[in-house]
Amino acid sequence: MTETTPTGSERPTAEAGSALGGLGARRQVQLGGVVLSGRRRRPSGEKPPLPRELSGSGRLWLIMGVLTTILWISLFAFPQTTEFWNRVDNNALGWLVDRRSDSLTDVMKAIHALGSVWFIRPLRWAIMGVLAGFRRFRILFGVIVAFSIVDTLQRGLSTAIARPRPLVPIVGDWVGYAHPSAPVALLAVTVVVAGLALVPKGKWRTRWFVASGVMVGLLAFTRLYLGTDHPSDVVIGWILGPVVGVLVFRWVAPESVFPVNYRRARGAHLDVTGRRGVAIKDALQEQLGMRVLAIEPFGMEGSGGSTPLRVQCDGEPDCYLFAKLYARNHLRADRWYKVARTILVGSLEDEVRFTSVRRLVEYEDYMLLKLREAELPSPQPYGFVEITPETEYLIVTEFLDGAAELGDAEVDDAVIDDALSVMRKLWDSGLAHRDIKPANVMVRDGRIVLIDPAFSTVRPSPWRQAVDLANMMIILALRSTADHVYERALRFFSPDDIAEAFAATRGVTIPSQSRSSLALLKRTEGIDLVERFRQLAPHREPISIQRWSLRRLGLTLGAAVVLAWFVTLVIQNLLGAGFV
């Protein structure tokens, strides 16, 4: 339906526009038995399902940081304002000096111990001890970085500004320059970061911050009463410590990724309740046309690089899909793992580096399509959705109902032959999985299905193909015997192929899940599967993977410098100096 405009052209009528408006809701696509409908294109400028926004506390810290900067400028940038603030400081201190008494002074000196290194140091070590005990190493790292930066910043500002102590009778202990107040800044950052690192979000954290504010306030008032600091020194120290500490801590260990809890769980697994859970449902509905009824974690034990989920969709009957939630912390963890591996053993020749979470998810979705194109057994891909731009993405595939991990399934000759034939087909198709382990090899109805091809590659090197073969034979032998698997493998691979596979195999080329099972088998039964395969295959000299490069040399030197700095920091701290 159209109408003619004054210029003679035609345009859609209101009725036609209304009809077109429902086109997206009517469009349906059937993919692998799942009906996708009601997809909606997010208009430009509209917020994503889980936008990155400052919370109320984040805005508060930002405002306090801006106010601190303004106060600093007025304190030292202009002679007129400097003179005004000096007059205000001296008047306030003079008023307090006039109200001193012997009994009150004794009480204030006792409270003054809150700013002593003998109070702050044990408090910080207790915080770090609790985090280490619960294996919250990322949060622990954030705490150490926050403490270190605040301490370094306070010392640098104190030396640069070089403000003398107040011109009143001082009856308390003091060291160094006055601005900003070191005891107040260090106690403030300690108690605030402790609340962020140890107390779960909610009313108990709010109560902690209230109690912390009272504690720091008492110390601040005591410093003024004893004449050791100006009021502006105390105010700047009170704000500077928490603002810088919170910003650094939340950058290193953000609450949305590393929430405070005391359950024994992998740091890679994100909480999918609350705002994130709602955002996932909205994203699946709008971007893939899936009406989601429920989301629940699934298969956490074998996953360390993502948050695996089972998604229940509306249908007749209800259908289930499998999804993996990737976030920036997964990418960072993979990078740090590869840095450590490069330092210890060198870079593997087919190392894959992803520059963003989006690239990682795009690549896995592409590899799923490549596996299906090569007619290799793998889940049906349904695409991926954006939760937070460049930060969180969800990839969706078929849910393998009735399947079991190879480590839990019954493995007979048919399963062994099927797994080895899949490896043969990977070789012939010019593909490599690169992460063959029990959690990524499923058995359904006696057939093998490969999952999680995030690090798969096209046109792999012969070395990588050999390593994949060795890893498949290892996990099959864990459910059978090395001799039997070797005998069945000769149906698909030559003895030289197998010899090359185990000549290329080292600890670093075997996924950690398989390494743990191999170590347990050797410890309990005295069986070394890798060595047994080498005995069965023709002799082949080990293939070295130790690769030295300028990058490895640079990383090794940098790690040595950081380690030396950390050891020095600990020694100085134990001796009474350093960041506490």
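Residues numbered from 1 in each chain as written. Predicted model: local features only at pLDDT ≥ 70, side-chain atom pairs only at ≥ 80, totals over all residues. Heavy atoms only, no water.

Let's shift gears to the environment of I436. Among the secondary structure elements, I436 is positioned in the loop between β11 (431-432) and β12 (441-444). With 32 residues separating them in the primary sequence, I436 and D468 have C-alpha atoms 6.4 Å apart. With residues near it in sequence (within four places) discarded, I436 still touches V441, L450, D468, N471, M472, I475, P511 and S514. (Helix = DSSP H or I, 4+ residues; strand = E, 2+ residues; numbered from the N terminus. Contact = heavy atoms within 4.5 Å.)

In this section: helix α7 (residues 137-161). With 25 residues, α7 extends 36 Å between its outermost C-alpha atoms, agreeing within 8% with the 36 Å of an ideal straight helix rising 1.5 Å per residue. Count one or two residues on from α7 and you reach A162, which has phi positive near 55°. (Expected span 1.5 Å × (residues − 1).)

Pairing of β12 with strand β13 (residues 447-450), which is carried by 4 bridges, proceeds in the antiparallel orientation. When the sheet's bridge partners are listed, M442 is paired in β13 with V449. (Pairing = 2+ DSSP bridges.)

Here the focus is helix α9 (residues 203-225). Relative to the 33 Å expected for 23 residues at 1.5 Å per residue, α9 spans 33 Å between its end C-alpha atoms, a close match to the ideal helical length. Those residues of α9 that fall on the buried side of the exposure criterion are R205, S212, V216, L219, A220, T222, R223, L224 and Y225. Those residues of α9 that are buried lie in contact with α4 (79-97), α5 (102-111), α8 (182-198) and α10 (231-252). Looking one or two residues past α9, G227 carries a phi angle of roughly 80°, positive in sign. (Buried < 20%, exposed > 50% of the residue type's maximum accessible area, 1.4 Å probe, protein only.)

Moving on, we come to unusual backbone geometry. In this chain, H179 is followed by P180 through a cis amide linkage whose omega measures -10°. For P180, the position within the fold is in the loop between α7 and α8. A positive phi angle, close to 55°, is found at D452, a residue other than glycine.

With that settled, consider the confidence of the model for the protein. Per-residue pLDDT for the protein has a mean of 81; in total, 84% of the residues score no lower than 70. Of all secondary-structure elements in the protein, the lowest mean pLDDT belongs to helix α1 (residues 14-21), at 40, while helix α14 (residues 413-429) reaches the highest, 95. In the model, residues 5-27 has pLDDT below 50 throughout and makes 24 contacts with residues more than four positions away in sequence or in other chains. (pLDDT = per-residue confidence, 0-100.)

Quick look at the packing of aromatic side chains now. Within this structure, the stated rule accounts for 8 aromatic pairs. Judged by centre distance (5.3 Å) and plane angle (70°), the rings of F84 and W85 are edge-to-face. Judged by centre distance (6.4 Å) and plane angle (45°), the rings of Y363 and Y366 are tilted. Note that Y363 and Y366 are positioned in helix α13 (residues 357-373) at a spacing of 3 residues, about one turn of the helix. The exposure class assigned to Y366 is partly exposed, which follows from its relative accessible area of 40%. (Phe/Tyr/Trp six-rings, centres within 6.5 Å; stacked < 30°, edge-to-face > 60°.)

This part takes up the pattern of salt bridges. As enumerated under the stated definition, the model contains 23 salt bridges in all. Here R276 ties to E392 by a salt bridge, and the two come within 2.9 Å at their closest N and O atoms. Linking R276 in helix α11 (residues 274-288) with E392 in strand β9 (residues 392-398), this pair joins segments that are 116 residues apart in sequence. E531 serves as the salt-bridge partner of R534, at 3.9 Å between the closest nitrogen and oxygen. Here R534 pairs with E531, and both are found in helix α19 (residues 529-536), just 3 residues apart, close to one helical turn. A relative accessible area of 31% places R534 in the partly exposed class. Beyond isolated ion pairs, a larger network of salt bridges with shared partners links R358, R359, E362 and E386. (Salt bridge = Lys/Arg side-chain N within 4 Å of Asp/Glu carboxyl O.)

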